[in-house]
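# Overview (structure and organization)
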Amino acid sequence: MIRKKESDKFGPLWRGGEWHLSDITNYMTTGAFLLLKHASENREQWLRRFYEIGKEAVRPRERGELSGFSIPAAEHRSKLVDILRRGWC
């Protein structure tokens, strides 16, 4: 869906024109610094959430809960490994 009007949740519209490498790097730099600013202003929440994610990642799994993938017969293995390799790069 293409938005045609600015709103509180979607704005400002790009009116067309040229884009340069400096425009892209300015957007990236602005985004990176805003992320760092948010993390510094909300340090406790960020650290708590990272801790929770890490703790969840290493907790013992319950019976029947997914903890890994089993790659079945050899005829399917090469196709699955190829898909995983393409996704990795």
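Now for a look at the structure at hand. Predicted model, so just to flag it, every value in this text is computed and none were measured.

A few words on the overall build of the chain. Along its length, the chain carries 3 helices and 0 strands. The C-alpha radius of gyration of the chain comes to 22 Å, more than 25% above the 12 Å expected for a compact globule of 89 residues. In terms of overall dimensions, the chain has a C-alpha envelope of 55 × 40 × 25 Å along the principal axes. A burial count over the chain gives 1% of its 89 residues as buried. Considering the chain, the positive charge centre built from 17 side chains and the negative charge centre built from 12 side chains are found 4 Å apart.

Moving on, we come to the pattern of salt bridges. Summed over the entire model, instances satisfying the criterion amount to 7 salt bridges. A salt bridge links Glu44 to Arg48; the nearest nitrogen and oxygen atoms lie 2.5 Å apart. A residue pair is termed a helical-turn pair when its members lie 3 or 4 positions apart in one helix, as Glu44 and Arg48 do in helix 2 (residues 43–58) at 4 residues. Measuring nitrogen to oxygen at the nearest pair gives 3.5 Å for the salt bridge that ties Arg86 to Asp82. Remark: Asp82 and Arg86 occur in helix 3 (residues 74–88); sequence separation between them is 4 residues, near one turn of the helix. Judged by relative accessible area, which is 38%, Asp82 ranks as partly exposed. Connected via shared salt-bridge partners are Glu56, Arg59, Arg61 and Glu65.

What follows deals with the packing of aromatic side chains. Taken as a whole and judged by the stated rule, the model has 2 aromatic pairs. Taking 5.4 Å as the distance between ring centres and 55° as the angle between the ring planes, the aromatic pair formed by Trp19 and Tyr27 counts as tilted. Using a relative accessible area of 41% as the deciding quantity, one classes Trp19 as partly exposed. Where Trp46 meets Phe50, the ring centres are 6.1 Å apart and the plane angle is 35°; that geometry is what we call tilted. A residue pair is termed a helical-turn pair when its members lie 3 or 4 positions apart in one helix, as Trp46 and Phe50 do in helix 2 at 4 residues. Its relative accessible area of 29% is what places Trp46 among the partly exposed residues. The exposure class of Phe50 is exposed, given its relative accessible area of 53%.

Calculation rules
- Residues numbered from 1 in each chain as written.
- Predicted model: local features only at pLDDT ≥ 70, side-chain atom pairs only at ≥ 80, totals over all residues.
- Heavy atoms only, no water.
- Helix = DSSP H or I, 4+ residues; strand = E, 2+ residues; numbered from the N terminus.
- Rg over C-alpha atoms; globule rule 2.2 N^0.38 Å.
- Buried < 20%, exposed > 50% of the residue type's maximum accessible area, 1.4 Å probe, protein only.
- Lys, Arg positive; Asp, Glu negative; His and termini not counted.
- Charge placed at Lys NZ, Arg CZ, Asp CG, Glu CD.
- Salt bridge = Lys/Arg side-chain N within 4 Å of Asp/Glu carboxyl O.
- Phe/Tyr/Trp six-rings, centres within 6.5 Å; stacked < 30°, edge-to-face > 60°.

It is worth stressing that arrangement in space is one thing and function is another; only the former is reported here.
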